[in-house]
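Each chain is listed here by its residues.
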Protein chains: 2
Amino acid sequence: MAFLQSPALSSASKLRVAFLGPLGSFSHEAAVASFGSEALLLPQSSFHDAFAAIQSNSADYAAIPLENSSNGAVVQTYDLLADREKLYGDITICGEYYLAVHHCLLVKQSGNKSSLGVPKDITTDARYKSITKLYTHPQAWGQCEKFLSKHFKGVERQDVSSTSKAAEIVSQETDGHGAAIANKFAAEYHKLDILAQNIEDNPENTTRFLLLRNKKAQNTAQCNREPRQSLGKPKHKTLMSFIVDHNSPGSLADALVIFKQHGMNLTTINSRPSGIHPWQYVFFVECQPTSETWSDDLMDNVIEDLKAVTKSSRHLGSWSDALGSK
Amino acid sequence: MAFLQSPALSSASKLRVAFLGPLGSFSHEAAVASFGSEALLLPQSSFHDAFAAIQSNSADYAAIPLENSSNGAVVQTYDLLADREKLYGDITICGEYYLAVHHCLLVKQSGNKSSLGVPKDITTDARYKSITKLYTHPQAWGQCEKFLSKHFKGVERQDVSSTSKAAEIVSQETDGHGAAIANKFAAEYHKLDILAQNIEDNPENTTRFLLLRNKKAQNTAQCNREPRQSLGKPKHKTLMSFIVDHNSPGSLADALVIFKQHGMNLTTINSRPSGIHPWQYVFFVECQPTSETWSDDLMDNVIEDLKAVTKSSRHLGSWSDALGSK
């Protein structure tokens, strides 16, 4: 796992990466995994702040969750991509990262421990019995229900604002009877022992992050990687948004047909309120080219044709498929 | 406004209507507005319980929120409609109701009041000044931001689990210095004074409810109303769900084309995780016929054609458009 660095170590040449804080969060883990431990990490207090950091060029990249394999779309991210107030016109998607959501049970450090961070001197079962209070983000309880009902039935649970915050609270306790549910990253950052790992019910639970950049910034232009060639599969992904006239029946179908006409396969569709009229939507279409032939003009042509059947449309970015290339 | 009734008054002939409680909630308001004050009201502790009540025939109808004009889809409702565990095969949508989300500022009742419930004996401004603590659901703070920042800057705010719960707390206070943000329905139910009404920032904020029934129940079959004829507009709405093979590029577009082939206009599309494979989705397509000619066979034909390009599909119901007929 990559180690964290202090902002004091930053230099002008380092990549500046924005993500939703606090440090030790899953977003932090995704940022380091995507941009390396040498990057200057810029934790933000909201998704909006991360978008603003890219638009104003005060960060080079941002890693923002778009969807979770179990819970679905992160609507705050879609709403920022909808850009209803036209604040983020220079932001483009340049990549993606799939982060496996693995939870651990974390306790205060013991001096004598194994390489996994599990203390050797007493049994794990004895350590479980000494725990009288558990801390985590409300969503994590449901994600670890089997483990918790087996080992911690009836133990007091305290909701906190993030899994990283749970780890921080346990690290500052003096009695040593608390435990946090958080990721390995938080264990490392808050110097806690990992008493159990992969305690989540669903081992496939994964969050997909978008990597964002400012399309006018020269120093990040290389993030638009060429598609990787493997097994003959198309390796580009594209996200488009558009709003159709809600009084014009058939215009949604007409807009979707245009993708096929340009050789783009629809992979998923989402919708959010347009913010203009009630029951009018902004649609988000993700698509991939049917052939491996890719040119940057392709999406310009799609946008040109969409103009005839939509009120507005935007190419939010094209990037290499990180899932297909695994 | 319709008055509430006690379950003790119920009789076998009364319609039994399930909705998400507690009493005095916006769902309660939608249930009474849709089925009348004579219905037997059955508040449920979760959306899941409301669905189960319809499937088991322990309720005749349910009123369940599907989307809000500002916040978008209610994902819990879409997940229950996806019916991943095949628990709700007999549930069908038979109607819809649009509820305007109007918030009020509610305080303990004064003996001397106007017909609107606003006390006459002291000025509203003096009543505002006497309030030292506000209660409501976390979402409502943001929906009433302008009013609150004008009149209640710096006043203590307490989050509670529902707007109706906020009204209940204020009704039980003894010092009279608390106020709740909730709907007129909660004011009536908890016998509170309305000190200000329509305090929401966005007067157009509306929640759309689906009305559900069990398709095997004879006593509710008449809920499948004939389409109303007005201004030549098509008046049927239909919701369909389907899952496409995520390894078969183009199948999503192929499925969407089928709607057009059968004369159905797509009005909106949503997606949720399928629960089968990560990054496979269940799509929800809402559509309306392009002509006024409607037959119940139409959707059977769509389903038949969808079989060729989807892994599964379901007609979730067809009903009369409540928005177009306003």
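Reading guide: rules and limits
- Residues numbered from 1 in each chain as written.
- Chains lettered and ligands numbered in written order.
- Predicted model: local features only at pLDDT ≥ 70, side-chain atom pairs only at ≥ 80, totals over all residues.
- Heavy atoms only, no water.
- Helix = DSSP H or I, 4+ residues; strand = E, 2+ residues; numbered from the N terminus.
- Buried < 20%, exposed > 50% of the residue type's maximum accessible area, 1.4 Å probe, protein only.
- Contact = heavy atoms within 4.5 Å.
- Areas by Shrake-Rupley, 256 points an atom, 1.4 Å probe, with all protein chains shown as cover.
- Least-squares fit on C-alpha atoms with pLDDT ≥ 70 in both.
- Axes fitted to C-alpha atoms, helices over the stretch in contact; angles between N-to-C directions.
- Parallel < 35°, antiparallel > 145°, perpendicular 65-115°, else oblique.
- Left-handed = near helix turned anticlockwise from the far one by under 90°.
- Nonpolar A, V, L, I, M, F, W, Y, C, P; charged D, E, K, R; others polar.
- Core = buried A, V, L, I, M, F, W, Y, C linked by side-chain atoms within 4.5 Å.
- Salt bridge = Lys/Arg side-chain N within 4 Å of Asp/Glu carboxyl O.
- Phe/Tyr/Trp six-rings, centres within 6.5 Å; stacked < 30°, edge-to-face > 60°.
- Pairing = 2+ DSSP bridges.
- Lys, Arg positive; Asp, Glu negative; His and termini not counted.
- Buried area = accessible area lost by both parts, 1.4 Å probe.
- Polar contact = N/O pair within 3.5 Å; in protein donor to acceptor, adjacent residues only side chain to side chain.
- pLDDT = per-residue confidence, 0-100.

**Points about the overall build of chain A**
Now for step 1: Assigned secondary structure in chain A consists of 10 helices and 15 strands.
Now for step 2: With 326 residues in all, chain A has 52% of them scored as buried.
Now for step 3: Sequence-distant contacts, at least 24 apart, represent 75% of the contacts inside chain A between residues at least 6 apart.
Now for step 4: Accessible surface for chain A amounts to roughly 14500 Å². Of this, 51% is attributable to carbon and sulfur atoms.

**Structural notes on the relation of the copies chain B and chain A**
Now for step 1: Superposing chain B onto chain A takes a rotation of 180° combined with a translation of 0.0 Å along the rotation axis, leaving an RMSD of 0.0 Å. The operation mapping one copy onto its partner corresponds to a two-fold rotation axis. Rotation axis and chain B: the residue whose C-alpha lies nearest the axis is Asn270(B), separated from it by 2.6 Å.
Now for step 2: Interface overlap between copies: 100% of the residues of chain B at the interface are likewise at the interface in chain A, consistent with a symmetric, same-surface contact.

**So, the packing of helix α9 (residues 251–261) of chain A against helix α10 (residues 297–306) of chain A**
Residues and elements named next belong to chain A.
Now for step 1: Following both chains from N to C, one finds α9 and α10 inclined at 155°, their axes separated by 10 Å at the closest point. Considered as vectors, α9 and α10 are oriented roughly antiparallel to each other. At the point where α9 passes α10, the crossing takes the right-handed sense. Taken together, the residues of α10 that come into contact with α9 (itself represented by Ala 255, Ile 258 and Phe 259) are Val 302, Asp 305 and Leu 306.
Now for step 2: Among the residues forming the contact of α9 with α10, the class breakdown is five nonpolar, no polar and one charged.

**Remarks on the nonpolar core**
Side chains that are nonpolar tend, in soluble globular proteins, to be buried together.
Now for step 1: Counting residues in each nonpolar core, the largest one holds 50 residues, and the members touching the most others are Phe242(A), Leu256(A), Phe259(A), Phe242(B), Leu256(B) and Phe259(B).
Now for step 2: Residue contacts for Phe242(A): discarding those within four places in its chain leaves Leu252(A), Ala255(A), Leu256(A), Phe259(A), Tyr281(A), Val282(A), Phe283(A), Val285(A), Leu306(A), Thr310(A), Ser312(A) and Ser313(A).

**Remarks on the pattern of salt bridges**
Opposite charge on two side chains makes pairing possible when the charged atoms of those side chains draw close.
Now for step 1: The tally for this structure, following the rule as stated, stands at 32 salt bridges over all chains.
Now for step 2: Glu156(A) is the partner of Lys133(A) in a salt bridge, and the nearest nitrogen-oxygen pair spans 3.5 Å. Placement of Lys133(A) in strand β7 (residues 133–136) and of Glu156(A) in strand β8 (residues 156–159) is noted, with a sequence separation of 23 residues between them.
Now for step 3: For Arg157(B), the salt bridge goes to Glu145(B), with nearest N and O atoms at 3.7 Å. Separated by 12 residues along the polypeptide, Arg157(B) in strand β8 (residues 156–159) and Glu145(B) in helix α6 (residues 145–151) bring together distant segments of the chain.
Now for step 4: Here the salt bridges do not stand alone but share partners, grouping Glu67(A), Glu96(A), Arg208(A), Lys237(A), Glu286(A) and Asp321(A) into one network.

**Quick notes on the packing of aromatic side chains**
Residue and element names in this part refer to chain A.
Now for step 1: One pass over the structure, following the stated rule, counts 20 aromatic pairs over all chains.
Now for step 2: Taking the centre distance of 6.4 Å and the plane angle of 35° together, the rings of Phe 242 and Phe 259 count as tilted. A residue pair is termed long-range when its members are at least 10 positions apart, and Phe 242 in strand β12 (residues 236–243) and Phe 259 in helix α9 qualify at 17 residues.
Now for step 3: Look at Phe 242 and you get buried, because its relative accessible area is 1%.
Now for step 4: The class of Phe 259 is buried, set by a relative accessible area of 0%.
Now for step 5: Every member of this aromatic cluster is reached through a ring pair, and the members are Phe 242, Phe 259, Tyr 281 and Phe 283.

**Comments concerning the pairing of strand β5 (residues 91–100) of chain A**
All names here are of chain A.
Now for step 1: Here β5 lies mainly inside the structure; eight of its 10 residues are buried.
Now for step 2: Where β5 and strand β11 (residues 206–214) come together, nine bridges link them in antiparallel fashion. Among the inter-strand pairings, Gly 95 is bridged to a residue of β11, identified as Leu 211.

**Structural notes on the side chain of Glu29(A)**
Now for step 1: Structurally, Glu29(A) can be placed in helix α1 (residues 26–35).
Now for step 2: We note that Glu29(A) is buried and unpaired, the nearest opposite charge coming from Lys184(A) at a distance of 8.0 Å.

**Regarding the sheet that holds β8(B)**
For sheets, the rule is that strands pair by backbone hydrogen bonds, running either parallel or antiparallel.
All names here are of chain B.
Now for step 1: Strand order in the open sheet made by the five strands is β8-β7-β9-β6-β10, with mixed pairing throughout. A single partner strand is all that each edge strand has here, and the edge strands are β8 and β10 (192–197). Averaged over all neighbouring strand pairs, the angle between strand axes comes to 30°, with direction disregarded.
Now for step 2: The pairing of strand β7 (residues 133–136) with β8 spans four bridges and is parallel. Looking at β8, one finds that Thr 136 is bridged to Asp 159.
Now for step 3: Running at roughly 155° to strand β9 (residues 178–182), helix α7 (residues 163–172) makes contact with β6 (104–108), β7, β9 and β10 of the sheet.

**Describing the sheet that holds β7(A)**
Residue and element names in this part refer to chain A.
Now for step 1: Here five strands make up an open sheet; going across it, the order is β8-β7-β9-β6-β10 and the pairing mixed. Every other strand in the sheet has two partners, leaving β8 and β10 (192–197) as the edge strands with one partner each. Taking the axes of each pair of neighbouring strands and ignoring which way they run, one obtains an average angle of 30° across the sheet.
Now for step 2: The sheet contact formed by strand β6 (residues 104–108) and strand β9 (residues 178–182) spans three bridges and is antiparallel. Bridge pairing in β9 links Leu 106 to Ala 180.
Now for step 3: Here helix α7 (residues 163–172) sits on the sheet and contacts β6, β7, β9 and β10; the angle it forms with β9, its principal contact strand, is near 155°.

**With respect to the interface of chain B and chain A**
Now for step 1: Each side of the interface is counted separately: chain B has 32 residues, and chain A has 32 residues.
Now for step 2: The contact between chain B and chain A buries some 2600 Å² in all, and 60% of this surface belongs to carbon and sulfur atoms.
Now for step 3: Joining chain B to chain A, the criterion identifies two salt bridges.
Now for step 4: Residues Asp254(B) and Lys260(A) are paired through a salt bridge, measuring 3.0 Å at the closest nitrogen-oxygen approach.
Now for step 5: Where chain B packs against chain A, one counts 12 residue pairs in polar contact (both at pLDDT 80 or more).
Now for step 6: Where the side of chain B that touches chain A is concerned, the elements lending two or more residues are β3 (61–68), β4 (72–73), β11 (206–214), α9 (251–261), β13 (264–273) and β14 (281–289) of chain B.

**Describing the confidence of the model for chain A**
For any part of a model where pLDDT is low, the fine detail of the predicted coordinates should not be relied upon.
All names here are of chain A.
Now for step 1: The predicted model of chain A has a mean per-residue pLDDT of 88, with 88% of residues at 70 or higher.
Now for step 2: Residue range residues 1–10 is modelled with pLDDT below 50. Its contacts to residues more than four positions away, or to other chains, number 21 contacts.
Now for step 3: Note that pLDDT drops below 50 for residues 224–231; the model gives that stretch 15 contacts with residues more than four away or on any other chain.

**A few points about the pairing of β11(B)**
All names here are of chain B.
Now for step 1: Within β11, nine of the nine residues are buried, which leaves it mostly tucked inside the rest of the structure.
Now for step 2: Neither face of β11 is left uncovered, since the one carrying Thr 206, Arg 208, Leu 210, Leu 212 and Asn 214 and the one carrying Thr 207, Phe 209, Leu 211 and Arg 213 both have all their residues buried.
Now for step 3: Pairing between β3 and β11: seven bridges, direction antiparallel. For Tyr 61, the partnering residue across the bridge sits in β11 and is Arg 213.

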